[in-house]
Amino acid sequence: MTVPLLLSVVLHLGIVVILFAGFKFSPSTPEAMEVTLDAPLSDQVLPEEDIVKAATVDKAQVEQQLEAIRQAEQQRKDEIAELERRAEQAKKQREQEQQRQRELEAQQRAERERLAKEKEAALKQQKEAERRAAEAEKRRKAEEEAARKAEEERKRREEEARRLEEERKRKEAEERARAERERLMQEELERERQARAAARSRQVQSELGKYTNLIKATIQRNLISDPSMQGKQCVVNIRLASSGFVISVNRVSGDPGVCKATENAVLKAGTLPVSEDPEVFAKMKDINLTFAPEFN
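Residues numbered from 1 in each chain as written. Predicted model: local features only at pLDDT ≥ 70, side-chain atom pairs only at ≥ 80, totals over all residues. Heavy atoms only, no water.

The chain is annotated in an unreviewed UniProt entry as Protein TolA from Pseudidiomarina aquimaris.

Structural data, given as structure tokens:
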């Protein structure tokens, strides 16, 4: 209970006590006016002077009592008015105090609401900050994971590139070695081929010389010469079949007489010795020979 409210209760209780006391101690009817009814009326008659005197005294007393009553009444009214004024003042103070209390409560309620809103805003900010921090941490971890994967991918590519480069170098080395072996083998084969070719050429030339000499000897045996052919010669072209049969004989250059005798000798032989070796025959089937009559 507040102080203004206690003061108001005390003032109202004071007013009630004063009113009760005023009614209790109000002056009764003056004693001079009292009449005793017990005695006979003739016995109560007073002398005239005494009556006048008594009347004068009683009137003064009555007026004094009335004045005292009026003063007491006025004092009582003043006290009541003062109490009412104080009660009204206490009421106003109480109302003001209640208003201040309401205002204070409103301020406190507003302050609580403000603090609650600030707390709510702070919580929201904290949650937002925590959310952003969590997102930032998530992004950081994602970036770290991406960087880790990128680094792993880079290392994998470098390792793959290194492996491919080593494989390329190995293959190049193997290819160079193979090419070198192939070159050496080809050179060896070429040397062998050349050797075989040279041997074959020597063989063919030997065979060709052999059969050329045989042909010349055959033709020379059939050649009829005379002294006019002394120191003269003829070049003829002879074409032969694979069997050695003379297909044709023609003069290329030389003495006509020697050439005519040579042609006749070739035609007389009809078939000339030839090699069964195709390569040797290829060089013999169309051959130019030079003849000169021999004289002993």
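With that settled, consider the overall build of the chain. The number of helices and strands found in the chain is four helices and three strands. Going from the N terminus to the C terminus, the chain shows its helices and strands as α-α-β-β-α-α-β. For the chain, the proportion of its 296 residues judged to be buried stands at 17%. Long-range contacts, defined here as pairs at least 24 residues apart, represent 75% of the contacts in the chain between residues at least 6 apart. Summed over its atoms, the accessible surface of the chain is roughly 22,500 Å², and 54% of this surface lies on carbon and sulfur atoms. (Helix = DSSP H or I, 4+ residues; strand = E, 2+ residues; numbered from the N terminus. Buried < 20%, exposed > 50% of the residue type's maximum accessible area, 1.4 Å probe, protein only. Contact = heavy atoms within 4.5 Å. Areas by Shrake-Rupley, 256 points an atom, 1.4 Å probe, with all protein chains shown as cover.)

One pass over the full model with this rule turns up one disulfide. Across a sulfur-sulfur distance of 1.8 Å, C234 and C259 are joined as a disulfide pair. Taking the sign of the S-S torsion, 105° for the link of C234 and C259, the bridge is right-handed. A residue pair is termed long-range when its members are at least 10 positions apart, and C234 in strand β1 (residues 234-240) and C259 in helix α3 (residues 256-269) qualify at 25 residues. C259 sits in the buried class, given a relative accessible area of 1%. (Disulfide = S-S within 2.5 Å.)

Because each turn of an α-helix spans 3.6 residues, side chains separated by three or four positions end up pointing in the same direction. Given a rise of 1.5 Å per residue, 14 residues ought to cover 20 Å, and the 20 Å separating the end C-alpha atoms of α3 matches this to within 8%. Residues of α3 that are buried include every one of V258, C259, A261, T262, E263, A265 and V266, and no others. Looking at where α3 begins, the residue whose side-chain oxygen comes 3.0 Å from the main-chain nitrogen of G257 is D255. Positive backbone phi, approximately 75°, marks G270, located one or two places after α3. (Expected span 1.5 Å × (residues − 1). Polar contact = N/O pair within 3.5 Å; in protein donor to acceptor, adjacent residues only side chain to side chain.)

All right, on to the sheet that holds strand β2 (residues 246-254) then. Ordered in space as β2-β1-β3, the three strands form an open sheet in which the pairing is antiparallel. Strands with a single pairing partner mark the edges of an open sheet, and in this sheet they are β2 and β3 (286-291). With strand direction ignored, the average angle separating the axes of adjacent strands in the sheet is 25°. Relative to β2, β1 runs antiparallel, the two being bridged by seven bridges. Pairing of V236 across the sheet is with R251, part of β2. (Pairing = 2+ DSSP bridges. Axes fitted to C-alpha atoms, helices over the stretch in contact; angles between N-to-C directions.)

The next point concerns the confidence of the model for the chain. Mean pLDDT over the chain: 80, with 80% of residues reaching 70 or higher. The low-confidence segment residues 23-46, where pLDDT is below 50, has twelve contacts with residues more than four positions distant or belonging to other chains. (pLDDT = per-residue confidence, 0-100.)

If you look at the biggest cluster of nonpolar residues, it comprises 26 residues, and the most contacted ones within it are I215, I219, I238, L240, L272 and M284. Within the residue set of this core, elements represented by two or more residues are α2 (48-222), β1, β2, α3, α4 (278-284) and β3. If we skip the residues at most four places from it in the chain, L240 touches I215, F245, V246, I247, L272, V274, F281, M284 and K285. (Core = buried A, V, L, I, M, F, W, Y, C linked by side-chain atoms within 4.5 Å.)

Applying the stated criterion to the full structure yields 37 salt bridges. One salt bridge in this structure joins E172 and R168, with 2.3 Å as the shortest N-O distance. Placement of the pair is E172 and R168 together in helix α2, with a separation of four residues, close to one helical turn. For E172, a relative accessible area of 32% translates into the label partly exposed. Since its relative accessible area comes to 36%, R168 is described here as partly exposed. One salt bridge connects D277 with R200, and the closest N-O pair in it is separated by 2.3 Å. Of this pair, D277 sits in the loop between α3 and α4 while R200 sits in helix α2, placing them 77 residues apart in sequence. Overall, the relative accessible area of 17% leaves D277 in the buried class. One salt-bridge network, in which partners are shared between bridges, spans E180, R183, E187, E188 and R191. (Salt bridge = Lys/Arg side-chain N within 4 Å of Asp/Glu carboxyl O.)

The next point concerns the environment of L272. Checked against the element boundaries, L272 lands in the loop between α3 and α4. Once the C-alpha coordinates of L272 and I215 are considered, the two residues, 57 residues apart in sequence, prove to be 5.8 Å apart. Not counting residues up to four positions away in its chain, the partners in contact with L272 are I215, T218, I219, I238, L240, S243, G244 and V246.

Structurally, I247 can be placed in strand β2. Placed 39 residues apart in sequence, I247 and D286 show a C-alpha to C-alpha distance of 9.8 Å.

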